[in-house]
Amino acid sequence: MSPGTKIESNRDAEVDVTFDAVVIGAGFAGLYMLHRLRGLGLSTRVYEAGGGVGGTWYWNRYPGARCDIASMQYSYSFSEELDQEWNWSEKYSPQPEILDYANHVADRFDLRPDIRFDTRVTAATFDEDAKRWTVETDQGDRVTAQFCVMAVGCLSAANLPPFTDMEKFEGPIYHTGEWPHEGVDFGGLRVGVIGTGSSAIQSIPVIARQAAALVVFQRTPNYTVPAWNEKLDPEYVRTVKAGYPELRAKMRGRPTGFYFEFNAQPALEATPEERERQYEEAWARGGLPFLGAYGDLLFEKEANDTIAEFGRKKIRAIVNDPATAELLCPDDIFGCKRLCVDTGYFETYNLPHVSLVDISTKPIERFTTQGIVADGTEYPVDVVVCATGFAAMTGSFDNIRITGRNGLALTEKWRAGPRTYLGLSSQGFPNLFMITGPGSPSVLASMIQAIEQHVDWMADCMAHMRDVGAQTIEPLIAYEDDWVEHVNEVSKVSLRSTCSSWYVGANVPGRPRVFMPYIGGFPIYVNKCNEVMTNGFEGFVLDGTRNSDAAPRVRLTEKWRVPVDMDVISPAAIAAKRVPIV
Ligand code: NAP
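Residues numbered from 1 in each chain as written. Predicted model: local features only at pLDDT ≥ 70, side-chain atom pairs only at ≥ 80, totals over all residues. Heavy atoms only, no water.

## Considering the environment of A470
- Its location among the elements puts A470 in the loop between α14 (447–468) and β19 (472–475).
- Taking C-alpha positions, A470 is 9.6 Å from V541, a pair spaced 71 residues apart along the chain.
- Ignoring any residue separated from it by four or fewer positions in sequence, one finds A470 in contact with Q146, M465, L542, D543, G544 and T545. (Helix = DSSP H or I, 4+ residues; strand = E, 2+ residues; numbered from the N terminus. Contact = heavy atoms within 4.5 Å.)

Structural data, given as structure tokens:
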């Protein structure tokens, strides 16, 4: 079956059907959760809004879409056979290949029969008497389940700003995160791209190669590092595959959940000449590991100034027109927003048919039938691409009416920012699990690693609940409050908490400003989750338990424990501000 093929249509709605678990989403999180639930013998229904599996990689089909984590690390680790049989072709995988992989996983583990595609969940309501969730969809399904698992993704609710008179524009308007499956032919067209984040930076060079003219509307310039993408050498692939378990273990020991060489020394203790050499070497390696050039770059503003200046120097060296180069130079913290990884981004502005419009002080005024007006000038375009990002972390929760105990709406509880215990669940919402939820490393770690660790913990948790006869699990408010406070406190150590990024919800007007992911590092977080489980689910209430003596079986969770003798980033290292977090 080709990726994205719709396999469901005109099915009968499922009404009054009961399952052990409902999973919302069939991206990498939902697929692996389904696999694990099946292993436990739990009946499971997965609802997926898209017409196929893959989540992020199903929707983000814009030109140039590609992963910014090295291919050999951006995959599941739960099956040695899967590791050995799958072959990545490039250093950074293009979107179609990652989608192929998701489809391969779905077929290999025969996951599709339990997934209902083209079905968007509209509501999930906890019934306190039955201690079950009722889940409703836009296809008329109304089913109940003991567990409701949110596998909705962190960057999946598209942010399409309501530009004035947008509806008057006569050409098509696309959002990078909801790209048409048939693709878009920009040949001979005048294209306007709004935004200069990761999606824009990847797509602009590719669109420019096709379009007759390209105008980029930039509100804030971004730092980006070359990917130096290349075909993977089969010999290198063989070597990695021969030592995959060791590589996976090394990845788990890193704050980011992926492995790269880094230098923990402080930039401020190096001479300017040493720094220059170090930055050049790191630039030549490229990608997100560029931030691993020194250990203090995201902790000390003065240290960050040195890498920021290096980044600006590169832009000025690449872009021919000095005025355009200056507009492209960010003046904020390097890597404060998610660092972008590109192929030929700045070079694109040297092309005669590409222009940059600064909307930093005067926003886009309005759309016309044939263009976009900014600062009193109308820019004629045939097509508009909104690379305007996502309502991150909580946007996909907000899109579902989630109601917990006492009729409490999750949106209400999270009005001032998300509140969870370990990013796994939230008090008042028993048996509602959140894969890579706010308050967990999630987007600050390699996503598939973060997903697998959460799913393994949840699967062990559900197995334990069955062992002891527990009907529900729910965090205690005191533990949740402490965790939320800890997440906030740790974020203040990093310069990342200081700028207006989607990490803090500042990219979408009206959202509360809270640093949402846990920045304390993946291994520290993992060991905390393991400890909570081995301490008998410390901080959770297991209701209805009949056999409270049964010790938790940490079978899957144990895999994630980071051995103390490994190259672990310790809390002391974080306190000493010597950790590359990318
Ligand atoms: P993004 O980083 O949030 O960028 C959105 C862009 O749109 C920003 O330049 C933003 O400007 C601009 N924008 C938003 N609202 C606007 C408005 N009303 N008027 C004008 N401009 C507006 O979104 P993204 O590029 O889709 O990336 C989101 C995240 O997805 C990334 O940070 C990354 O984690 C992930 N991603 C990863 C990859 C990869 O693996 N390579 C690729 C794509 C995305 P401001 O900066 O001023 O807000």
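Next, the rest of the story.
## Structural notes on the site of the ligand
- With respect to spatial proximity, 24 residues lie near the ligand, and among them T196, S199, R219, T220 and K337 are the closest.
- Here an oxygen atom of the ligand sits 3.4 Å away from a polar atom, N or O, in the main chain of G197.
- Alone, the ligand offers 910 Å² of accessible surface; in the complex the protein occludes 87% of this. (Near = heavy atom within 4 Å. Polar contact = N/O pair within 3.5 Å; in protein donor to acceptor, adjacent residues only side chain to side chain. Areas by Shrake-Rupley, 256 points an atom, 1.4 Å probe, with all protein chains shown as cover.)

## Looking at the state of the cysteines
- Enumeration according to the criterion identifies 1 disulfide in this entry.
- In this model C336 forms its disulfide with C499; the gap between the sulfur atoms is 2.1 Å. Around the S-S axis, the bridge from C336 to C499 shows a dihedral of about -120 degrees and counts as left-handed. Of this pair, C336 sits in the loop between α10 (322–328) and β11 (340–342) while C499 sits in the loop between α15 (477–493) and α16 (522–534); the two residues are 163 residues apart in sequence, bridging distant segments of the chain.
- Residue C154 stays outside any disulfide, its sulfur separated by 14 Å from that of C67, the closest cysteine. (Disulfide = S-S within 2.5 Å.)

## Describing the domain arrangement of the protein chain
- Looking at the assigned domains, one finds that the protein chain contains domain 1 (15–157 + 392–557) and domain 2 (166–245 + 297–386).
- Computed over C-alpha atoms, the centres of domain 1 and domain 2 are 30 Å apart.
- On the side of domain 2, 36 residues touch domain 1, which itself brings 36 residues to the contact.
- Counting the surface lost from both domain 1 and domain 2, the interface buries some 3200 Å², and carbon and sulfur atoms represent 55% of this.
- Joining domain 1 to domain 2, the criterion identifies 1 salt bridge.
- Across the pair R338 and D68 runs a salt bridge whose closest N-O atoms are separated by 2.9 Å.
- Looking at the side of domain 1 that touches domain 2, the elements with two or more residues in it are α2 (56–59) and α3 (80–85).
- For the side of domain 1 that touches domain 2, the element with the most residues is α3, which contributes 4 residues. (Domains from an automatic or database assignment. Buried area = accessible area lost by both parts, 1.4 Å probe. Salt bridge = Lys/Arg side-chain N within 4 Å of Asp/Glu carboxyl O.)

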